[in-house]
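Residue-level structure breakdown
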Amino acid sequence: MGNNQKTVFITGATSGIGLATARLLSEHNFRLIICGRRKERLENLKQELSSKTEILALSFDVRNRQDVKTAIASLPSTWQSIDVLINNAGNAHGLSMIQDGDQDDWDAMLDINVKGLLNVSKEILPGMTAQNSGHIINIGSIAGKEVYAKGNVYCASKFAVDAITQGMRIDLNAHGIKVTGIHPGLVNTEFSKVRFKGDKEKADKVYEGMSPLYGEDVADVILFAITRPAHVQLADLVIFPTAQASSTTVLRKNS
Ligand code: NDP
Ligand code: 8X3
């Protein structure tokens, strides 16, 4: 490990924003702990990036508190000191009026996006507070800044991420730990495929007639945030495609 080489723990590295972030950081002198449930994807990514940097793959479901504990406790001693935690794992499940919402979808969004973020943070924060340094990046969403029709519980989960991010910044201030909230608008990843349960037609429609962000665009912002000087903390950042001005204001060709 190089003297100044930082260790970054990325949740949701098997797809989209997390995958693009792992790829970008592997080019910038960070060693990476990549996480997700899909083991084969993690192993493929580990193989792809291992010529560029040191990589460790951890497979667990962020919902399962015990599995999160066990996975993080299993880190070899040379990987236990984590400099940057990127809480990225999450998804929307369904898009329904509140009266028609599916309770399993509600559980998934609150358990993954909110409690999953807390489960992972709970295991990693003691190391950061003990060393009085570290950086947490929480991936929120524009859905955590404004509510849109049928977004109800997904928006609630991302408003909670925003509140937790603000709370972390206050509570960890005495420890010199930076906390950054990054809130993207429309990013073309597997997000809409998951939201619409594999319905490709519905998923593609979300980005129809406009140029969305890609995972790489958000990864650029994450890299910028974690490479600021020690005295600079990016607190809160919304990133839109140029065609988007709010959750529901999107300029589309032929619209
Ligand atoms: P993807 O669906 O492409 O990626 C989601 C990632 O989260 C996957 O790597 C997935 O890994 C992981 N994940 C999901 N559920 C779990 C779980 N239970 N346990 C562990 N890992 C899990 O979507 P994005 O890259 O777009 O999403 C990343 C983050 O960005 C999310 O928090 C999302 O809410 C947020 N976001 C996305 C936007 C967009 O428009 N795409 C806009 C704003 C925010 P695996 O399935 O292997 O476990
Ligand atoms: C994802 C962006 O607008 O689909 O968080 O909710 S949106």
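Residues numbered from 1 in each chain as written. Chains lettered and ligands numbered in written order. Predicted model: local features only at pLDDT ≥ 70, side-chain atom pairs only at ≥ 80, totals over all residues. Heavy atoms only, no water.

Bringing the packing of helix 1 (residues 16–26) against helix 8 (residues 215–226) into the picture now. It is the contact of helix 1 with helix 8, at a shortest axis distance of 8 Å, that shows an interaxial angle of 55 degrees. With respect to helix 8, the axis of helix 1 lies oblique. Every pair of crossing elements has a handedness; the one defined by helix 1 and helix 8 is right-handed. Here helix 1 contributes G16, I17, A20, T21, L24 and L25 to the contact with helix 8, which in turn contributes G215, E216, V218, A219, D220, I222, L223 and I226. (Axes fitted to C-alpha atoms, helices over the stretch in contact; angles between N-to-C directions. Helix = DSSP H or I, 4+ residues; strand = E, 2+ residues; numbered from the N terminus. Parallel < 35°, antiparallel > 145°, perpendicular 65-115°, else oblique. Left-handed = near helix turned anticlockwise from the far one by under 90°. Contact = heavy atoms within 4.5 Å.)

Close contacts around ligand 1 come from 30 residues, with T14, S15, R37, Y154 and T189 the closest. At 2.9 Å, a side-chain N or O of N91 approaches an oxygen atom of ligand 1. In this structure, K158 approaches ligand 1 through a side-chain N or O atom, which is 2.9 Å from an oxygen atom. For ligand 1, the protein covers 97% of the area, taking 880 Å² as the surface of the free molecule. Judged by the proximity of its atoms to the pocket grid, ligand 1 belongs to the largest pocket. (Near = heavy atom within 4 Å. Polar contact = N/O pair within 3.5 Å; in protein donor to acceptor, adjacent residues only side chain to side chain. Areas by Shrake-Rupley, 256 points an atom, 1.4 Å probe, with all protein chains shown as cover. 1 Å grid on protein atoms, 1.4 Å probe; cavity = no way out; pocket = protein on both sides within 12 Å on 5 of 7 lines; lining within 4 Å. Sits in = over half its atoms within 2 Å of the grid points.)

The next thing to look at is the site of ligand 2. Around ligand 2 sit S141, A143, Y148, Y154, G185, F191 and R195, and that is every residue in its neighbourhood. Between ligand 2 and the protein, one listed contact pairs an oxygen atom with a side-chain N or O atom of S141 at 2.5 Å. Taking 240 Å² as the accessible area of ligand 2 by itself, protein coverage stands at 88%. Mapping ligand 2 onto the cavity grids shows that it belongs to the largest pocket. By residue class, the composition of the shell around ligand 2 is 4 nonpolar, 2 polar and 1 charged. (Nonpolar A, V, L, I, M, F, W, Y, C, P; charged D, E, K, R; others polar.)

Here the largest pocket defines a volume of roughly 1,100 Å³. Taken together, 50 residues form the lining of the largest pocket, with N91, Y154, T189, F191 and S192 sitting closest to its centre. Looking at the lining of the largest pocket, the elements that each hand over two or more residues are helix 1, strand 2 (30–36), helix 5 (152–171), helix 6 (191–195) and helix 7 (200–205). Among the residues forming the lining of the largest pocket, the class breakdown is 22 nonpolar, 18 polar and 10 charged. Its volume calculated, the second largest pocket comes out at about 280 Å³. If you trace the second largest pocket, you find 15 residues lining it, with K6, G134, G176, K178 and A230 closest to the centre. Mapped onto the lining of the second largest pocket, the elements with two or more residues apiece are strand 5 (134–139) and strand 6 (177–184). When the residues that make up the lining of the second largest pocket are grouped by side-chain class, the tally is 5 nonpolar, 6 polar and 4 charged. (Points joined across faces, edges and corners; volume = space filled by probe spheres on them.)

Take the pairing of strand 1 (residues 6–10) next. Among the 5 residues that make up strand 1, 4 are buried, leaving the element largely enclosed by the rest of the structure. Bridge count for strand 1 against strand 2 is 5 bridges, and the pairing is parallel. Following the sheet pairing, I10 is matched in strand 2 by I34. Note on the crossover from strand 1 through helix 1 to strand 2: the handedness is right-handed. Relative to strand 4 (residues 84–87), strand 1 runs parallel, the two sharing 3 bridges. Each residue of the ladder has a partner; that of I10, found in strand 4, is I86. (Buried < 20%, exposed > 50% of the residue type's maximum accessible area, 1.4 Å probe, protein only. Pairing = 2+ DSSP bridges. Right-handed = clockwise from strand over helix to strand, strands pointing away.)

So yeah, pure geometry; function would need other evidence.
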